[in-house]
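Observations on the model geometry
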Amino acid sequence: MTSFRRIRAARASLVAGVTAGGLLLFAGPAFAHVSVQPGTAEKGGWSTIALKVPNEKDNASTVKLELTLDPKHPLVSVMPQAVPGWDVKVEKTKLDKPVQMHGKSIDEAVSKVTWTGGKIEPGQFQQFPLSVGQLPTDADELVFKALQTYSDDDVVRWIDPSKPGGEEPEHPAPVLKLVAKGAAGGAGDHHDDTKGDKDAKSDKDDKVTATAEEKKSDGGSDTTARTLGVVGIVVGAAGIAFGVLAGRRRRDSAA
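Bear in mind that the values here come from a model prediction, so they are computed numbers and not experimental data.

What follows is about the pattern of salt bridges. Enumeration over the complete set of coordinates arrives at 8 salt bridges. Of the charged contacts in the structure, one is a salt bridge between Lys43 and Asp140, with a shortest N-O distance of 2.9 Å. Separated by 97 residues along the polypeptide, Lys43 in the loop between strand S2 (40–42) and strand S3 (46–54) and Asp140 in the loop between strand S8 (125–133) and strand S9 (141–143) bring together distant segments of the chain. Judged by relative accessible area, which is 55%, Asp140 ranks as exposed. As a salt-bridge pair, Asp152 and Lys57 come within 2.7 Å of each other at their nearest N and O atoms. On the criterion of sequence distance, the pair formed by Asp152 in the loop between strand S10 (145–150) and strand S11 (155–158) and Lys57 in the loop between S3 and strand S4 (62–68) is long-range, its members being 95 residues apart.

This is the structure:
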């Protein structure tokens, strides 16, 4: 009876190991949302940001991303960085009140950016970089609205507002937090608006490097989860082997 109990306990260990491994392997994607990277930029400046778009489906690819900018705080300059395999379209609208920039009167601003033609496969993500400016000085955040279209024609609307201190909505809209100059703490690329397009290009180069590092980090996290899952299975299997061996020794001793 003792050996039988040990075998049952070993089998229970195997089941626990497999279950724990499965949870580690599949817990991550459920919490992935479309977001702005980095999430902070300086007020009144220019910044290079990226929309990070994970594919949350197991049986369909992301084939389109539509980004609508905050109409309350128009940005006169929005320059997308080329993303291999994707086509990009930038739409502008007339401003009710023209703004002054570099001695010129600007009467229109970018209202929407759309990426099509590419694919984000299941289990992967893609970043869509943008150089944006001049960021407002009279707001603490910029809220974007994103529509993510899948190859099965499903459209996920990342447009729900987040309330401070409240429960996170199911499909939160991407948000860029705006802070006073010098308070960003190196969280994002930014530069003074008088530096022009030269600094914008430098910001883009820096973002490419940051993107590569983030992909490397995400890959490491996924590998760790898989490794822990395998460890759970191995431990469970070792428990079975121990129980069987102990039973054999007991029978041999009794004989």
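Reading across from one edge, S2-S12-S9 is the order of the 3 strands in this open sheet, with mixed pairing throughout. Strands with a single pairing partner mark the edges of an open sheet, and in this sheet they are S2 and S9. Sheet twist, expressed as the average angle between the axes of neighbouring strands with direction ignored, equals 30 degrees. Direction of pairing for S9 relative to strand S12 (residues 175–179): antiparallel, over a ladder of 3 bridges.

Counted residue by residue, S3 has 9 buried out of 9 residues, so it is predominantly covered. Here S3 shows two buried faces, one formed by Trp46, Thr48, Ala50, Lys52 and Pro54 and the other by Ser47, Ile49, Leu51 and Val53. Of the strand pairs in this sheet, strand S1 (residues 35–37) and S3 are connected by 3 bridges, and their pairing is antiparallel. For Val36, the partnering residue across the bridge sits in S3 and is Leu51. Pairing of S3 with S8, which is carried by 8 bridges, proceeds in the antiparallel orientation. Among the inter-strand pairings, Ile49 is bridged to a residue of S8, identified as Leu130.

What counts and what doesn't
Residues numbered from 1 in each chain as written. Predicted model: local features only at pLDDT ≥ 70, side-chain atom pairs only at ≥ 80, totals over all residues. Heavy atoms only, no water. Salt bridge = Lys/Arg side-chain N within 4 Å of Asp/Glu carboxyl O. Helix = DSSP H or I, 4+ residues; strand = E, 2+ residues; numbered from the N terminus. Buried < 20%, exposed > 50% of the residue type's maximum accessible area, 1.4 Å probe, protein only. Pairing = 2+ DSSP bridges. Axes fitted to C-alpha atoms, helices over the stretch in contact; angles between N-to-C directions.

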